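Listed below, chain by chain, are the residues.
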Amino acid sequence: MQIPYELILGWRYTRAGRATRRNGFISFISGVSMLGIALGVAALIIVLSVMNGFQKEVRDRMLGVISHIEVFTPSGGALPDPQKTLAEIRANPQVVGAATFIAAQALLARGEDMKGTMVRGIDPALEGQVTDLAVTSSTTLAKLVPGQFGVVLGGELARAMGVREGDTVTLIAPSGQVTPAGVVPRLKQMTVVGTFDSGHFEYDSALVMMRQDDAARIFRLEGPTGIRIKLKDLHQAREVAVELSRSLSGDLLIRDWTRQNRTWFSAVQLEKRMMFIILTLIVAVAAFNLVSTLVMTVTDKRADIAILRTLGASPKSIMGIFVVQGAMVGVIGTLAGLLLGLGIAFNIDVIVPALERLLNASFLPKDIYLISRMPSEPQYSDIMPIAVISLVLSFLATIYPSWRASRVNPAEALRYE
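Residues numbered from 1 in each chain as written. Predicted model: local features only at pLDDT ≥ 70, side-chain atom pairs only at ≥ 80, totals over all residues. Heavy atoms only, no water.

Identification of the protein as Lipoprotein-releasing ABC transporter permease subunit from Polaromonas aquatica is taken from an unreviewed UniProt entry. On record in UniProt, under Sequence similarities (unreviewed entry), the comment for the protein is "Belongs to the ABC-4 integral membrane protein family. LolC/E subfamily." Quoted straight from UniProt, the Subcellular location (unreviewed entry) entry for the protein says "Cell membrane". (UniProt positions renumbered as here; feature names shortened; annotations may be inferred.)

Structure, rendered in structure tokens:
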């Protein structure tokens, strides 16, 4: 199959230009444009991959404490028939685990210190089915013995109140009991049997876990207030929640993990979108450097264009030659940027520690940041738009200079040659 001469000439103009000083400068500008596109594409891939990595790290730590889906009553009271609801939930093929729980709010006091807390009554035997925290802290949760009113505190909460394992704290329930002297708040002395660290400050600083039957006695509930569910695929949580809303009997509310933290995830997506737009401008600036490169090339090749026109080349073919030249710069720059960006993104766990040792610095100090390593997760859904946008911008930058080349008058161009 014969290769079109437009492609051959376009590729020749792309790699030529080093023989003379004038053409060498044009080649240098072309190389700068190619390097700019490559660096812009690489920067986009690296930044978005790191943002994806941080999002995944925070999400995984968050899901170590919360479940994929929660089912509860609109009033927040006890479930009418928890065993029936459990059976209906486990009938869904996407569900891998389900456990009942009690959710309530209370005050935790020790001396003059008092903190508002989220109390979660759990069954330690079933908790491992719905959260990873129960697996990592299984020995701690096993210390929750029925009737002894033990509690497990988040690490930040324990440090803020200055308590350790074996200390006693006072739990103050929100609803008091009526006495002849008036409404008296219900107090209960609790023993701290352990602490946990999930890596998520919101839960480490406010969550208190105890046995489900102890929580029912303290808050005067007849049974669990909700059911926590773990799925095979956490990304299917919203779809499974819709399915459960149709299959579960009774008046129940269903909330998946994306709705529990909607504000945080929306903020991350907005930040990621703005970062994509800002860094795309780098690629746009580099791509439109091709305009000046091609304008100088067209000026330099006026005699060649005139000769091709006298040999029968059409304006469309002349335009195609310079479109190919600019597109080649865009394609090579985009491919180089993809290789560089993916190479760094996939090996950032090796590159960042090496830079820290070389510079004798720590980019994410452990005493300041919860995540002390630089995570990275390149995603196909980010990489493909980056490559397509880079190629499209490069192509658009070639249209005007190529059109000017196709308008060159052969007689005017050869007059002084």
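Now, onward.
(A) Main features of the layout of surface pockets. Of the volumes computed, that of the largest pocket is approximately 530 Å³. For the lining of the largest pocket, the secondary-structure elements that each account for two or more residues are β1 (69–72), β2 (95–110), β3 (113–122) and α8 (201–204). At four residues, the largest contribution of residues to the lining of the largest pocket is made by β2. Residue composition of the lining of the largest pocket, by class: nine nonpolar, six polar and four charged. Space inside the second largest pocket adds up to approximately 300 Å³. (1 Å grid on protein atoms, 1.4 Å probe; cavity = no way out; pocket = protein on both sides within 12 Å on 5 of 7 lines; lining within 4 Å. Points joined across faces, edges and corners; volume = space filled by probe spheres on them. Helix = DSSP H or I, 4+ residues; strand = E, 2+ residues; numbered from the N terminus. Nonpolar A, V, L, I, M, F, W, Y, C, P; charged D, E, K, R; others polar.)

(B) Representation of unusual backbone geometry. Phi is positive for Phe149, which is not a glycine, with a value near 50°. In this model, Arg220 sits at a positive phi of 55°, which is unusual for a non-glycine residue. Take Arg220: it is sitting in the loop between α9 (212–219) and β10 (226–231). What makes Arg220 exposed here is its relative accessible area of 54%. (Buried < 20%, exposed > 50% of the residue type's maximum accessible area, 1.4 Å probe, protein only.)

(C) Region of the structure containing the pattern of salt bridges. Counted according to the given criterion, the structure contains nine salt bridges. Here Arg159 and Asp197 are joined by a salt bridge, their closest N and O atoms 3.3 Å apart. Of this pair, Arg159 sits in helix α7 (residues 155–161) while Asp197 sits in the loop between β8 (187–196) and α8, placing them 38 residues apart in sequence. Of the residues examined, Arg159 reaches a relative accessible area of 51% and is grouped as exposed. Note that Asp382 and Lys272 form a salt bridge whose closest N and O atoms lie 3.1 Å from each other. Here Lys272 lies in helix α12 (residues 262–300) and Asp382 lies in helix α16 (residues 380–406), a separation of 110 residues in the sequence. (Salt bridge = Lys/Arg side-chain N within 4 Å of Asp/Glu carboxyl O.)

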